[in-house]
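# A look at the structure
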Amino acid sequence: MKILISGASVAGPALAWFLHRDGHEVTVVERAPALRDSGYAVDFRGPAFEVLEELGILEEVRAHATGMTGTDLLDADGDRVGALPPETFAGELEVPKRELTRILHEHTARTVRYVFDDSINRIEQDTTGVRVGFERAAPDTYDLVVGADGVHSVVRRLVFAPHSEAIRHLGLSGVGFSTANHLGLDHRGALWQTPGRAVYMFSAADRDRMSVSLSFACDSPALDLLDRAEQERITRDRMAGAGWLLPRLLEDMSAATDFYFSSACQVHLDRWSEGRVVLVGDAGHCAAPTSGMGTSQALIGARTLARHLADCDDHAKAYASYEQELRPYVTENQEIGREGARRFGA
């Protein structure tokens, strides 16, 4: 079949690899002008290792392990008061997200057509196919369309429901960026918390740099869609008066070239497919960053969807089997995500 995937992060390229292996003609369209190189480190747990091995990239991914040794717990003054084991944040294996994205792209670029700097803006379907309009490219028709385009999925908005109906904010938002390693962290993290605010920092491959996450209690999912200036302003307001290292980190935030904003959100839908269109990864069932399961869920979801499409010549039955198998796993992970947000004081 001729299949279009929207999204070139994790679920999209992984699914593209499986679909091409099974004989399909695959195109991946990505709104960003190039591969995204921002984002936290990502970790893998349980069955996700089977997917990495089947993709043929497990050892290459392992070569980029952050090698974290744990996380120090800090009090309001920045003094160490305890510690968490490495698997709390790093899972069984943790790597920079940019490395995983790069590896997946390199392993699919010769067999899958990638279109960057473009996005879907229209989807019309019937029993014969899906007619898709793009912001830049000419319209085209596909047998199937897959939304793997994240929490704010365009495919989901066009076919399933507006963001306001599908996204549930868990009360926690924040920014991420990298800066100088002010704490001298060495393959280690540090977590500072006061009511409604948290700072997580870690340093791994580059001992002169550390990754920073500034999180705060918030009840609005709309912050993710604001421009950077507004997101910085809101972050400064929520972190004002916190003391410790916060004033310096806020200055670093404004100077960062890899700034990004994200919220602890979940996606809840009654069904993950509609006609010839289906959702995978965060687009269909985000469990929230606080679950620690997003990347594993994206990989497992991609393999599960591909397997059912390969086992059944009726896409509707394949979609139903995919959802029936995966939904209990997603439900469990979403509960973990909600509990994680509660632990951060959201």
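That block above? That's the structure.
A brief structural summary. (Residues numbered from 1 in each chain as written. Predicted model: local features only at pLDDT ≥ 70, side-chain atom pairs only at ≥ 80, totals over all residues. Heavy atoms only, no water.)

## Re the pattern of salt bridges
Using the criterion set out here, one finds 26 salt bridges in the structure. For the salt bridge of R303 with E50, the shortest nitrogen-to-oxygen distance reads 3.5 Å. Here R303, found in helix 11 (residues 294-311), pairs with E50, found in helix 2 (residues 48-55); they are 253 residues apart in sequence, far enough to count as distant. Overall, the relative accessible area of 16% leaves R303 in the buried class. (Salt bridge = Lys/Arg side-chain N within 4 Å of Asp/Glu carboxyl O. Helix = DSSP H or I, 4+ residues; strand = E, 2+ residues; numbered from the N terminus. Buried < 20%, exposed > 50% of the residue type's maximum accessible area, 1.4 Å probe, protein only.)

## Brief notes about unusual backbone geometry
Keep in mind that most residues, glycine aside, have a negative phi and that most peptide bonds are trans. Within the chain, H187 stands out as a residue other than glycine whose phi angle is a positive 50°. Here H187 is to be found in the loop between strand 12 (167-180) and strand 13 (188-194).

## So, the sheet that holds strand 4 (residues 71-74)
Pairing in this open sheet of 7 strands is mixed, and the strands run 5-4-13-14-15-12-16 from one edge to the other. Each of the sheet's edge strands pairs with one partner strand only, and the pair in question is strand 5 (80-84) and strand 16 (260-267). This sheet shows a mean twist of 25° between the axes of neighbouring strands, independent of strand direction. Note: strand 12 against strand 15 (residues 209-217), 9 bridges, orientation antiparallel. Opposite G174, over in strand 15, you have S215 as the bridge partner. Along the sheet, helix 8 (residues 228-239) makes contact with strand 12, strand 14 (197-203), strand 15 and strand 16, crossing strand 15 at roughly 75°. Strands in contact with helix 9 (residues 246-255) are strand 12, strand 13, strand 14 and strand 15; relative to strand 15, the strand with the most contacts, it is inclined by about 105°. (Pairing = 2+ DSSP bridges. Axes fitted to C-alpha atoms, helices over the stretch in contact; angles between N-to-C directions. Contact = heavy atoms within 4.5 Å.)

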